[in-house]
Amino acid sequence: MTAFLIRRLGFAVITLFAVLTLVFVLVRIVPGDPAQVILGDQASREAIEALRERLGLNLPLYQQYVVFVWGALGGDWGTSMMTGRPVIQEVLNVLPWTLELTFLSLLIGVVIGVPLGVAAAVRRNRFTDYAARIGSLLGLSFPPFVSALLLLLAFSIGLHWFPVISAKSGSLSAWVESITLPAINLGLITAAYITRVTRSAMLEVLQEDYVRTARAKGVPWSVVVWRHALRNALIPVITIIGLYLGILIGNSVLTEIVFSRPGLGKLIVGALNQRDYTMLQGMMVIYTLVVVLVNLATDIAYGIADPRVKFK
Amino acid sequence: MSEVLSPARAIWQSTLRAFNTNKTSWVGLVVFVIVVLAAVFAPWIAPLDPLDQNVMLRLKPPSEDNWLGTDYYGRDIYARLVYGARISLIIGLASTALSMVIGSAIGMIAGWRGGRLDTLIMQVMDILLAFPSLILGLIIVAMLGPSMTNIIVAIALTSIPPFARIARAPTIAMKEREFVDACRALGFSDMRILVGHILPNILPEILVMGSLWLANAIRTEASLAFIGLGVKPPIPTWGGMIREGFENILDSYWLVLAPGTAILIVVFALNLLGDGLRDAIDPKLKGEA
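Residues numbered from 1 in each chain as written. Chains lettered and ligands numbered in written order. Predicted model: local features only at pLDDT ≥ 70, side-chain atom pairs only at ≥ 80, totals over all residues.

Remarks on the overall build of chain A
Definition in use: Per the convention used, a helix needs a DSSP run of H or I reaching at least four residues, while a strand needs a run of E reaching at least two, with both numbered from the N terminus. Between the buried cut of 20 or more and the exposed cut of 12 or fewer other C-beta atoms within 10 Å of a residue's own C-beta lies the partly exposed class, and all C-beta atoms are placed from the backbone. Note on contacts: residues are paired as contacts if their backbone-placed C-beta atoms lie within 7 Å.
Each helix and strand in chain A was counted, giving 12 helices and 0 strands. Listing every helix and strand of chain A by position from the N terminus yields α-α-α-α-α-α-α-α-α-α-α-α. Counting only C-alpha atoms, chain A reaches 85 × 55 × 35 Å along its principal axes. For chain A, with 312 residues in total, the buried portion stands at 38%. Sequence separation of at least 24 residues holds for 73% of the intrachain contacts in chain A that already meet a minimum separation of 6.

And the structure:
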């Protein structure tokens, strides 16, 4: 287990470096001089030179790289070109909003998806199975902003159950009001993924010899399904959930925009519109950090669910 | 799976069999073909000009003249929807084709060579896969500018890893087969063996995967356009139409409903198609996301 985790940790570090390098390269292949972009066409030559020096753009490329990576690792991601505040502070301000939405959606996805996937596998090729398969395929097909708009149209604009713009905070009821629709939106799409993965994993496991053995010695069917089979089926499910989190974080961007919810999504769109490159750099780094950490957590969960990993 | 030198008829028959295994594939195919035809013959299907503005007809609900209503500039939504299919399909098909070719080539080379190169390539693919593809696409398009080419490249880049993965595994398995040994004995070059003898064997899987990723590419293009990184207005795109309609969602719901439904139908049809075919080709993968 330790060796396994160390290897995964090594991979996480490599990933982080690779993405930092990618960000560095991407920002530097952008046409035009960033200093010019920030200051506009009217800026004097001196002002541009001064800004170039402040941003470190006058240094040789390899020095810029070292400064950038060193800063990024130390938590110094530069200052936002637009607000003038440190990028890391801006990101940390809204990160909890995105994380709470992501994890609540994941929870909804697991609570709906796992039982539905098991039910579909157990009743293979019968009505439940077809309904679950078509339903989950439909869920996968929804662009998250389209489903978000439908929810907004139905429950906020049509039925007035929820406010259209839900950025209030403070009381518990305000929190519930602001997070319900976004979480349901992402949760249902997540449930669609998890249903499909659970179903196919269960189908495979249910054909195993030990399932037949358990049945033969008289273990009740429900115990076989939920304890013996599901525990083994969960292993691929956990892997997929780990991979899926990257998609979920991307989807949360779109959901945040539709429901006007604060979070990384609104921050990134703001940075895009303002051409705030330092902010975009910082966002790439934070997304990578989150994804790398989640993948590490997935590996640990994997080790817990499957003791065999320890011996690999 | 068809054999290496199977005649065209055998391929045709196995394709037909794959479609018939899961009838929903037919539904997906028919719907998708209808959308493609609508896009190709747009001027005949939608007689009104998608760019024609009319201040008098601003934000009108669906009527006899404007079947799906009009937008803020008085443009016909039905016409914009039909013409918008072109952008979705062009970007979707081009980016999928690009990632399919590059991804499969990378995967086949990794599997064929093995060793360090294989480890390195797959590590890079894993890193790319770990990153939220929408965010990556978004940042690439934002940095390079939202032109059609840049959008295609960005979407293609984010969907290379799955193709590399799906091409690699069967290449490794096939490397050990006798017909490959025979090719080597005949002195064929690596290139000739890969393209002429291994590729035809793994092509069905890659194509099926392609239909699923085409669905994904169309969804991503719409998402980018919704964020504001689509092909420049006034060219109609479905995601862009939703973006514009979102500003008037409180009183003109049809602005977002029509393009939203269109995206959903196309993506769902492609998923039905690819999902059914995948079941037929590889029963083991049945229903996996």
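On we go from here.
Digging into unusual backbone geometry
Residues and elements named next belong to chain A. Even without being a glycine, asparagine 125 presents a positive backbone phi close to 60°. Following the sequence through the fold, asparagine 125 ends up in the loop between α5 (87-122) and α6 (127-141). For serine 260, which is not glycine, the phi dihedral falls at a positive 45°. Following the sequence through the fold, serine 260 ends up in the loop between α10 (221-258) and α11 (264-274).

What to know about the nonpolar core
To keep things clear, this is the line we draw: By definition, a nonpolar core groups buried Ala, Val, Leu, Ile, Met, Phe, Trp, Tyr and Cys residues that are joined through C-beta atoms within 7 Å.
In terms of nonpolar packing, the biggest core is built from 156 residues, with A:Met283, B:Leu138, B:Ile139, B:Ile263 and B:Val266 touching the most fellow members. If we skip the residues at most four places from it in the chain, B:Ile139 touches A:Leu26, A:Leu280 and A:Met284.

Regarding the environment of B:Asp279
Residues and elements named next belong to chain B. Secondary-structure assignment places aspartate 279 in helix α12 (residues 254-281). Classification of aspartate 279 by C-beta neighbours within 10 Å gives buried; the count is 20. Linking aspartate 279 and valine 208, residues 71 residues apart in sequence, is a C-alpha distance of 9.9 Å.

Things to note about the interface of chain B and chain A
Where we set the bar: Residues are grouped as follows: nonpolar covers Ala, Val, Leu, Ile, Met, Phe, Trp, Tyr, Cys and Pro; charged covers Asp, Glu, Lys and Arg; every other residue, Gly included, is treated as polar.
Counting residues at the interface gives 33 residues for chain B and 38 residues for chain A. Within the residue set of the side of chain B that touches chain A, elements represented by two or more residues are α5 (115-130), α6 (133-144), α10 (190-227) and α12 of chain B. It is α12(B) that contributes the most residues to the side of chain B that touches chain A, 9 residues altogether. Residue composition of the side of chain B that touches chain A, by class: 24 nonpolar, 5 polar and 4 charged.

Observations concerning the packing of α10(B) against helix α11 (residues 238-246) of chain B
Residue and element names in this part refer to chain B. Put simply, the test is: Orientation is described by axes fitted as lines to C-alpha atoms, over the contacting stretch for helices, and by angles from 0 to 180 degrees between their N-to-C directions. Crossing handedness follows the turn of the near helix against the far one: under a right angle anticlockwise gives a left-handed crossing, and clockwise gives a right-handed one.
Packing of α10 against α11 leaves a shortest axis separation of 7 Å and a crossing angle of 35°. At the point where α10 passes α11, the crossing takes the right-handed sense. In this structure, α10 contributes Glu221, Ala222, Ser223, Leu224, Ala225 and Phe226 to the contact, and α11 contributes Trp238, Gly239, Gly240, Ile242 and Arg243. Of the residues that constitute the contact of α10 with α11, the class distribution is 6 nonpolar, 3 polar and 2 charged.

What about helix α4 (residues 61-73) of chain A?
This is how the line gets drawn: Multiply 1.5 Å by the residue count of a helix minus one, and that product is the helix's expected span.
For α4(A), built from 13 residues, the straight-helix expectation of 18 Å at 1.5 Å per residue is met to within 8% by its first-to-last C-alpha distance of 18 Å. Looking one or two places after α4(A), you find A:Gly75, whose phi comes out positive at around 90°.

Observations concerning the environment of A:Val164
Residue and element names in this part refer to chain A. Tracing the backbone shows valine 164 in the loop between α7 (144-158) and α8 (172-206). By C-beta crowding, valine 164 is classed as exposed, having 12 other C-beta atoms within 10 Å. Once the C-alpha coordinates of valine 164 and valine 258 are considered, the two residues, 94 residues apart in sequence, prove to be 9.4 Å apart. Valine 164 has contacts with Leu152, Ser156 and Ile157, leaving out every residue within four places of it along the chain.

Just geometry here; none of it tells us what the structure is for.
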